[in-house]
Amino acid sequence: MLWGTLMGTFERTNLFYGVDHEQVYAALEEFWHQEEHTLQAVNINDVNRDAYALQEQRDDWTVLKWTRGWEWDLRRRAQLHVSRTLDCPGLLVFIYDDDFWGCELFDRGTVIDQFQQETYVRGSFFGDLPCQGRPDLLLAAFPALDLDPEHARAYLTHYSIDDPAYEDIDWENEHDPRNQPVRPGDGFGRLEGGVYWAFKNFLGASGGPVWRRFTTDPQAPPTN
């Protein structure tokens, strides 16, 4: 199936805190070289090209949008390498088909916590690991942001539509108290996948303009 034919939004984005885009790129280049790949720059203006998009650092955040597809091992190892090399905290945040969102918190190369908004039919992208999300760990990872603990707790709202408490939600009713936006202006209820964008805004991690687009290409085998 072609990406453009999919109905909903599918995105995976890394948010690295306290490091700039050139540092992130150098660490990524090191990781992919170890995996026998090279980073190949592509046209920065080609927004339809299936490539990573690394944005300039803004408000202490450097944002990296992933390529398409749902390969889950190498790219998460890459994010941990960046975090370990640059001694920084960060997150992977994703949205799946507009249905639900999730995130993975890491610091200094170690995974700290995982969250997935809803897991009922599709299971979890984190396997059997707990994915309810811990707002206390989020706040502790980014003390300089002075995040509101009540807002953090509300964004990390984990639920199942099989739970009787949620089975009768009127998704069109913005006044349903179970699905009210976390903060005024969010544009999405706390149980909707669009919280993906609201959560990034909560962190102040919108990112700057795209600095570089690139792909990870396997290195050519050596010639004798």
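## Description of helix H2 (residues 74-86)
Moving on, step 1. In this model H2 runs 18 Å from its N-terminal to its C-terminal C-alpha over 13 residues, within 8% of the 18 Å that 1.5 Å per residue would give.
Moving on, step 2. Buried residues along H2 sit against strand S1 (10-17), helix H1 (21-34), strand S3 (52-55), strand S5 (89-96), strand S6 (100-107) and strand S7 (110-116).

## Some points on the side chain of Gln117
Moving on, step 1. When you line up the elements, Gln117 lands in the loop between S7 and helix H3 (135-141).
Moving on, step 2. Polar side-chain contacts of Gln117 include one of 3.1 Å to the backbone oxygen of Arg190.
Moving on, step 3. A distance of 3.4 Å separates a polar side-chain atom of Gln117 from the backbone oxygen of Leu191.
Moving on, step 4. Excluding residues within four positions of it along the chain, Gln117 makes contact with Asp99, Phe100, Trp101, Thr157, His158, Tyr159, Arg190, Leu191, Glu192, Gly193 and Val195.

## Considerations on helix H5 (residues 195-203)
Moving on, step 1. Counting buried residues in H5 gives 7 out of 9 residues, a clear majority hidden from the surface.
Moving on, step 2. Every buried residue belonging to H5 is among Val195, Tyr196, Ala198, Phe199, Lys200, Phe202 and Leu203, and all of these are buried.
Moving on, step 3. Contacts from the buried residues of H5 go to S1, strand S4 (61-65), S5, S6, H3 and helix H4 (149-155).
Moving on, step 4. Once H5 ends, the next one or two residues include Gly204, with phi positive near 75 degrees.

## Looking at the nonpolar core
Moving on, step 1. Of all hydrophobic cores here, the largest spans 27 residues; its most connected members are Leu91, Trp101, Phe199 and Leu203.
Moving on, step 2. Of all elements in the fold, only S1, S4, S5, S6, H3, H4 and H5 reach the threshold of two or more residues within this core.
Moving on, step 3. Excluding residues within four positions of it along the chain, Phe199 makes contact with Leu91, Val93, Trp101, Leu138 and Tyr155.
Moving on, step 4. Counting 26 residues, the second largest nonpolar core, distinct from the first, contains Val24, Leu28, Ala78 and Cys88.

## Observations concerning the sheet that holds S4
Moving on, step 1. The strand order S2-S8-S3-S4-S1-S5-S6-S7 describes an open sheet built from 8 strands, whose pairing is antiparallel. Looking along the sheet, the strands with just one partner apiece sit at the ends: strand S2 (37-42) and S7. Each adjacent strand pair in this sheet contributes to an overall mean axis angle of 20 degrees, direction not counted.
Moving on, step 2. Of the strands in this sheet, S1, S3, S5, S6 and S7 are in contact with H2, which crosses S6 at around 40 degrees.

## Quick word on the environment of Ala27
Moving on, step 1. With respect to the helices and strands, Ala27 occurs in helix H1.
Moving on, step 2. Here the alpha-carbon distance between Ala27 and Leu147, two residues 120 residues apart in the chain, equals 28 Å.
Moving on, step 3. Setting aside its immediate chain neighbours within four residues, Ala27 contacts His81, Val82, Thr85 and Leu86.

## Let's talk about the pairing of S5
Moving on, step 1. Most of S5 is tucked away: 7 of the 8 residues are buried.
Moving on, step 2. Pairing of S5 with S6 involves 8 bridges; the strand directions are antiparallel. For Gly90, the partnering residue across the bridge sits in S6 and is Phe106.
Moving on, step 3. Counted along the chain from S5 to the antiparallel partner S6, the turn is 3 residues long, and its residue Asp97 has a positive phi close to 55 degrees.

## Points about the packing of H1 against H2
Moving on, step 1. Their axes nearest at 9 Å, the elements H1 and H2 cross at an angle of 125 degrees. As far as their axial angle goes, H2 and H1 are oblique. Handedness of the crossing formed by H1 with H2: right-handed. For the pair H1 and H2, the contacting residues are Gln23, Val24, Ala27, Leu28, Glu30, Phe31, Trp32 and Gln34 in the first and Leu74, Arg75, Arg77, Ala78, His81, Val82, Thr85 and Leu86 in the second.
Moving on, step 2. Split by residue class, the contact of H1 with H2 holds 9 nonpolar, 4 polar and 3 charged.

## Describing unusual backbone geometry
Moving on, step 1. Backbone geometry places Glu36, a non-glycine residue, at a positive phi of 60 degrees.
Moving on, step 2. Relative to the helices and strands, Glu36 resides in the loop between H1 and S2.
Moving on, step 3. The backbone of Arg108 shows a phi angle near 50 degrees, a positive value even though the residue is not glycine.
Moving on, step 4. With respect to the helices and strands, the residue Arg108 is situated in the loop between S6 and S7.

The rules we used
Residues numbered from 1 in each chain as written. Predicted model: local features only at pLDDT ≥ 70, side-chain atom pairs only at ≥ 80, totals over all residues. Heavy atoms only, no water. Helix = DSSP H or I, 4+ residues; strand = E, 2+ residues; numbered from the N terminus. Expected span 1.5 Å × (residues − 1). Contact = heavy atoms within 4.5 Å. Polar contact = N/O pair within 3.5 Å; in protein donor to acceptor, adjacent residues only side chain to side chain. Buried < 20%, exposed > 50% of the residue type's maximum accessible area, 1.4 Å probe, protein only. Core = buried A, V, L, I, M, F, W, Y, C linked by side-chain atoms within 4.5 Å. Pairing = 2+ DSSP bridges. Axes fitted to C-alpha atoms, helices over the stretch in contact; angles between N-to-C directions. Parallel < 35°, antiparallel > 145°, perpendicular 65-115°, else oblique. Left-handed = near helix turned anticlockwise from the far one by under 90°. Nonpolar A, V, L, I, M, F, W, Y, C, P; charged D, E, K, R; others polar.

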